[in-house]
Amino acid sequence: MRAMDNDQSGCEVSQPVGECVLSPVQARILEGVAAGFSSGRLSRELYLSSKTIDYHVRVMSDKLQASNRVALVSRAFVLQILRADSWPPRIACETGD
């Protein structure tokens, strides 16, 4: 199920209701991006190539309609994908790990 919402520019944005929009790998990558980790550091910690990290960042940016990493993290907080009550940032929903 999807709900329509308006972003800051007034454009309609569909967002999921009651479901997580990210895969478990994307969730770990988003947590790292939100903590300020580079693609290189994330690739070493998650045992993925930096190109794979960049690919997933691009896919998440497309899903959340974000133009860069900062906008991606901001949208994730606004859509309550990331929890605002913890540091380092953590995903708010279950990803099925």
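These lines cover the structure that appears in this document, whether it is placed above or below. (Residues numbered from 1 in each chain as written. Predicted model: local features only at pLDDT ≥ 70, side-chain atom pairs only at ≥ 80, totals over all residues. Heavy atoms only, no water.)

Here we look at the nonpolar core
Residues L30 and I81 are the most contacted members of the largest nonpolar core, which totals 19 residues. In terms of residues, this core owes the most to one element, helix α1 (residues 24–34), which gives five residues. Once residues lying within four places of it in the same chain are set aside, the contact partners of L30 are L22, M60, L72, A76, I81, L82 and I91. (Core = buried A, V, L, I, M, F, W, Y, C linked by side-chain atoms within 4.5 Å. Buried < 20%, exposed > 50% of the residue type's maximum accessible area, 1.4 Å probe, protein only. Helix = DSSP H or I, 4+ residues; strand = E, 2+ residues; numbered from the N terminus. Contact = heavy atoms within 4.5 Å.)

A word on the packing of helix α2 (residues 39–46) against helix α3 (residues 50–63)
Orientation of α2 relative to α3, taken along the N-to-C sense of each, is 110 degrees, at an axis distance of 8 Å. Taken together, the axis directions place α2 and α3 in an arrangement best described as roughly perpendicular. Taking contact as the criterion, the partners of S39, L42, S43 and L46 in α2 are, on α3, S50, I53 and D54. A breakdown of the residues in the contact of α2 with α3 according to their chemical character gives three nonpolar, three polar and one charged. (Axes fitted to C-alpha atoms, helices over the stretch in contact; angles between N-to-C directions. Parallel < 35°, antiparallel > 145°, perpendicular 65-115°, else oblique. Nonpolar A, V, L, I, M, F, W, Y, C, P; charged D, E, K, R; others polar.)

A look at unusual backbone geometry
In this chain, W87 is followed by P88 through a cis amide linkage whose omega measures 0 degrees. Topologically, P88 is positioned in the segment after α4 (69–78). Phi is positive for Q80, which is not a glycine, with a value near 60 degrees. Tracing the backbone shows Q80 in the segment after α4.

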